[in-house]
Amino acid sequence: MPRRDQRSFAIDSMLYGQRVPYDRLPSVCETLLLGDTSELRIKLLLAESSLVDALTKGRYPRQYVSSRRIGPQQVSGEMHLTFGRTRRRTVEGKFTILKHPSYSVLWVLVTDARGEFLEQLLMKGMRTAHLSNPILRTEQLESLFQRFASVPRVEDIRVRQVGTKSRIPSDELRPSLETDRRWTKKPIDEIFELAHEQNAWITDIAVDYRLPRRGMGRGYLSVGRWGEFRLRHYARDAFDLIESTCEMAYERYHFLHNRARTRETQYRSRPFVIDFTFPALNSVDDIKRLHGAVTTLPNTASVVLHGNPFYHVAVTDYADGSMFEVVSFSPTYLAVIPQGRATVRSLTALCSAVFSNFREGALKEVDEAAG
Amino acid sequence: MKPPDRLVEEVKKARGLIDDYLGSVRGLYAFAEAACFDAAAKQRVGGSNYSIPRTMTLASGGVITPDGVVQPRANYGIVAEMKKHFRDGDDDGYIDQVKKYDQDLTGWWTKGEKLTPHDLVLLTNILSTTNATDALEKWKKGGKSFTRPFAIVEYTYTDGAQRYFLLRRMAGALSDRTFDEALRRGKPVPDSVMVMLFAQCKLCDAKPPLMHMLVLLYMETVPLFVTEKDFESTTGRLRRHVTVTVAEVRDKMEEQFNPQVKGTRQPTLPKKEWVREALDALEDMELAKRDGREKFHIRVQRPPQKDALQWLVAKWLKAQDRKSGAKRPKDKAQVELELFADQPAAGKSKKRPRK
């Protein structure tokens, strides 16, 4: 078995230490996974300003993150962090972040560090970079895997693990959600069908798949709804799915961009709706649950202007001064009305709060949903 | 923690007053949009105009400001007055108010700004329609009448398979037979229009409740004076300060909440005195400091409670108590804090008073 310093040397020299053109990333990852790297984690990030500048010049906790500019489109760094009050833990590892060449606001973070490294890096190490996460609905995850399954060189896709969330019927104001994790060998289609039947939404799904050109070799791919991927054994074929996710993330960004009421928009905002496609807001209890979901937004304050029969709340997000109103005109959809400032980050946070704690819904223009 | 009853009552009252006011604003705009909508073509009538409110000139040369003036076509106009609540036994003074518009008015969107004749509408909430029609009957029995077509139109939200904002003509008739018939049967206002009304229409000619102005000012206007970068560079409950003048705040509120095309007959909204009153209230609430007559330094902070209205009302009540010198029981949260404030550290005894 190669020594630990030899393994680190390989990934350092191929990924963290040198400039990696984005189109070479799949082959670099594949080479590392075929070598001694057991798993690579990839995370998609949305940032309107340069992450290279944010990490190398900006204000951030330098005491546990150090970064190095590799080029205008890439930054590498390492983090060493000890945290926890009652149970002290240490995470350490390296990462590299590349800018996507086709989508200007999309950045791709790659790391081989395990455990809580990625979560702690984003929460503490990159907090001041003001990132948004792409969020993939169950429908979108299903569409991604359908596309992946249609790739000729990929066969016999089997689900290994799936995480789901569903609602526990309850009268409480706070959302009562049940999280479930199953280890299974069911085919992909059945997993999504079951989720639809149970009115659950999928938070993450891990599959393995066969690559005939690799003989008996099986690749492993896990996809999380926040745009996180784990790759084992092979990487190149999984990058098709990752690229599709990049496209979805960018479409979502583009949809939410420039909706505030500003001089540029002649002081007219562009409201949109979250369409649940069925009567999700039929009762006062549903509205209470929705309000519970909206109030989970961190660093915000809200004014409930109306609660029954329709819901109307004005929210101010003190992270960046965004303001928006949320109104339920119909039992099947929720209107989001951006006000004088409404950043993509803030609107994404609202959608995430609703999807995670109330229900998933498709984002549409008002005319599209109202018909 | 359950807030004290006085606070609960005041928050409920404030929310009710804001809802009432916004209902009136939306009723006016919804009526104007409905009048200017071509149902057959499913689009706004080309060349239609409306203004909420609008200053019109009387034949005598005086001016009058109806709550709404609508011109769906070049040769047809409607003057609308809003009275959300008619209480039982309310006098017919509000009908007299509408009667004031029953004369030639100048200020329409025509060459020479004249349009004769025009219709008159009194808008009211569904809960007040009966009282409004009773007031009309009483007024007519006094020998009074309108020379122009007059109608009472009610508005409400309906809650069926879809929620609609509904307008319905309950008394009188309008001269546009098609529009009148649609109102007689009940005219729903589509969601796309309602979204527009909710998005921007927050003010009309009537003075808004103080809490409504405070919410619009503190929660939806003042943050615009802090840049995104400044917000991002301070986190948590760190406070930011902005220095603004009454005029700057008024202008910012107008561009945000009064979406209409500006003109000489368009009263500016909000009125400067409403903004000044709200800024004075912020000063009393210790959220702003005056610097001369026109300038204020405002503390921009995230309310410590998720329900910002409750926080604003609590601060306002405290300010009122301070002004009046009234000694009221403190908020439970404060009482609890004081109970534990001077507890001696464990193991140490309290100092005995000196003899």
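Residues numbered from 1 in each chain as written. Chains lettered and ligands numbered in written order. Predicted model: local features only at pLDDT ≥ 70, side-chain atom pairs only at ≥ 80, totals over all residues. Heavy atoms only, no water.

A. Representation of the overall build of chain B within the structure. Within chain B, the regular secondary structure consists of 11 helices and 15 strands. Counting every position in chain B, which comprises 355 residues, the buried fraction comes to 48%. Considering only intrachain contacts with a sequence separation of at least 6, the fraction spanning at least 24 residues in chain B is 66%. When the accessible surface of chain B is split by element, carbon and sulfur atoms take 51% of a total near 17,700 Å². (Helix = DSSP H or I, 4+ residues; strand = E, 2+ residues; numbered from the N terminus. Buried < 20%, exposed > 50% of the residue type's maximum accessible area, 1.4 Å probe, protein only. Contact = heavy atoms within 4.5 Å. Areas by Shrake-Rupley, 256 points an atom, 1.4 Å probe, with all protein chains shown as cover.)

B. Region of interest: the overall build of chain A. The number of helices and strands found in chain A is 10 helices and 16 strands. For 371 residues, the compact-globule formula gives about 21 Å, and the C-alpha radius of gyration of chain A, at 22 Å, lands near that figure. A principal-axis box enclosing the C-alpha atoms of chain A has dimensions of 65 × 50 × 45 Å. Across the 371 residues of chain A, 58% fall into the buried class. Looking at chain A alone, contacts between residues at least 24 apart form 60% of all its contacts between residues at least 6 apart. Here chain A has roughly 15,800 Å² of accessible surface; of this, 47% comes from carbon and sulfur atoms. The centroid of the 53 positive side-chain charges in chain A is displaced by 6 Å from the centroid of its 44 negative side-chain charges. (Rg over C-alpha atoms; globule rule 2.2 N^0.38 Å. Lys, Arg positive; Asp, Glu negative; His and termini not counted. Charge placed at Lys NZ, Arg CZ, Asp CG, Glu CD.)

C. Geometry of the layout of surface pockets. Residues and elements named next belong to chain A. In this structure, the largest pocket occupies an estimated 1,600 Å³ of space. The wall of the largest pocket is formed by 49 residues, among which Leu 122, Met 123, Leu 131, Asn 133 and Trp 226 lie closest to the centre. Secondary structure elements with two or more residues in the lining of the largest pocket: β1 (40–46), α4 (117–125), β6 (155–167), β7 (177–183), β8 (201–210), β9 (218–224), β10 (228–232) and α9 (344–357). Per element, the largest residue contribution to the lining of the largest pocket is seven residues, and it comes from α9. Class assignment for the residues of the lining of the largest pocket results in 17 nonpolar, 18 polar and 14 charged. (1 Å grid on protein atoms, 1.4 Å probe; cavity = no way out; pocket = protein on both sides within 12 Å on 5 of 7 lines; lining within 4 Å. Points joined across faces, edges and corners; volume = space filled by probe spheres on them. Nonpolar A, V, L, I, M, F, W, Y, C, P; charged D, E, K, R; others polar.)

D. How the structure looks around the pattern of salt bridges. The final tally for this structure, using the stated rule, is 51 salt bridges over all chains. As a salt-bridge pair, Asp 240 of chain A and Arg 153 of chain A come within 2.7 Å of each other at their nearest N and O atoms. Of the two residues, Asp 240 of chain A is situated in helix α7 (residues 238–256) and Arg 153 of chain A in the loop between α5 (138–149) and β6; the sequence distance between them amounts to 87 residues. Here Asp 176 of chain B and Arg 73 of chain B are joined by a salt bridge, their closest N and O atoms 3.0 Å apart. Remark: Arg 73 of chain B occurs in strand β6 (residues 68–73) and Asp 176 of chain B occurs in the loop between β11 (163–172) and α4 (177–185); sequence separation between them is 103 residues. The exposure class assigned to Asp 176 of chain B is buried, which follows from its relative accessible area of 14%. Through salt bridges with shared partners, a single network forms among Asp 156, Arg 158, Arg 160, Asp 208 and Arg 218 of chain A. (Salt bridge = Lys/Arg side-chain N within 4 Å of Asp/Glu carboxyl O.)

E. View of the interface of chain B and chain A. On the chain A side, the residues contacting the 45 residues of chain B number 45 residues. Taking both sides of the interface into account, the surface hidden between chain B and chain A amounts to around 3,900 Å²; carbon and sulfur atoms contribute 55%. For the pair chain B and chain A, the interface holds one salt bridge. The closest approach of N and O atoms between Lys 202 of chain B and Glu 325 of chain A, which form a salt bridge, is 2.5 Å. Within the residue set of the side of chain B that touches chain A, elements represented by two or more residues are α1 (5–35), β10 (150–159), α5 (191–200), α6 (210–220), α7 (228–233), α8 (246–257) and α10 (308–324) of chain B. (Buried area = accessible area lost by both parts, 1.4 Å probe.)

F. Spatial organisation of the environment of Thr 111 of chain A. Residues and elements named next belong to chain A. Mapped onto the elements, Thr 111 comes out in strand β5 (residues 106–111). For Thr 111, a relative accessible area of 0% gives the class buried. Aside from chain neighbours lying at most four places away, what touches Thr 111 is Tyr 16, Glu 39, Leu 40, Arg 41, Lys 94, Phe 95, Phe 117 and Leu 118. Engagement of the side chain of Thr 111 in a polar contact is seen with the backbone oxygen of Lys 94, the distance being 2.6 Å. Within the structure, the side chain of Thr 111 is placed 3.0 Å from the backbone nitrogen of Ala 113, a separation counted as a polar contact. (Polar contact = N/O pair within 3.5 Å; in protein donor to acceptor, adjacent residues only side chain to side chain.)

G. Inspection of the sheet that holds strand β15 (residues 333–338) of chain A at higher detail. Across the sheet, six strands lie side by side as β12-β13-β14-β15-β11-β16 (chain A); this open sheet has antiparallel pairing. The strands lining the two open edges of the sheet, one partner per strand, are β12 (300–306) and β16 (362–365) of chain A. When the angles between neighbouring strand axes are averaged without regard to direction, this sheet yields 25°. Of the strands in this sheet, β12 and β13 (312–317) of chain A are in contact with α1 of chain B, which crosses β12 of chain A at around 65°. Across the face of the sheet, α5 of chain B comes into contact with β13, β14 (322–327) and β15 of chain A while running at roughly 40° to β15 of chain A. (Pairing = 2+ DSSP bridges. Axes fitted to C-alpha atoms, helices over the stretch in contact; angles between N-to-C directions.)

H. Highlighting α4 of chain A. Residues and elements named next belong to chain A. If you check which residues of α4 are buried, you get Phe 117, Leu 118, Gln 120, Leu 121 and Gly 125. In an axial view of α4, the angular spread of the buried residues amounts to 165°, which keeps them on one side of the axis. Each element contacted by the buried residues of α4 is listed here: β1, α3 (51–56), β2 (65–71), β3 (74–83), β4 (89–99) and β5. (Arc of directions from axis to C-beta.)

I. Representation of α5 of chain A in the model. With 12 residues, α5 of chain A ought to run about 16 Å at 1.5 Å a step, and its terminal C-alpha atoms sit 16 Å apart, in line with that. All buried positions along α5 of chain A are accounted for by Thr 138, Gln 140, Leu 141, Glu 142, Leu 144, Phe 145 and Phe 148 of chain A. (Expected span 1.5 Å × (residues − 1).)

J. Quick peek at the nonpolar core. Phe 31, Leu 167, Leu 217, Leu 282 and Ile 298 of chain B are the most contacted members of the largest nonpolar core, which has 94 residues in total. For Phe 31 of chain B, the residues in contact, after removing those within four places along its chain, are Ile 78, Ala 80, Val 121, Leu 123, Val 153, Leu 167, Phe 179 and Leu 183 of chain B. Counting 85 residues, the second-largest nonpolar core is a separate cluster that includes Tyr 16, Leu 25, Ala 293 and Cys 351 of chain A. (Core = buried A, V, L, I, M, F, W, Y, C linked by side-chain atoms within 4.5 Å.)

K. Just the pairing of β3 of chain A, in detail. Residues and elements named next belong to chain A. Along β3, seven of the 10 residues are buried, which leaves the element largely enclosed by surrounding structure. In this sheet, β3 lies alongside β2 in antiparallel orientation, the contact comprising six bridges. Residue pairing in the sheet places Arg 68 in a bridge with Ser 76 of β3. Two successive antiparallel strands, β2 and β3, enclose a turn made up of two residues. Note that β3 and β4 share 10 bridges and pair antiparallel. Considered in β4, the bridge of Thr 82 is made with Thr 90. Joining the antiparallel neighbours β3 and β4 is a turn of five residues, in which Gly 84 adopts a positive phi near 100°.

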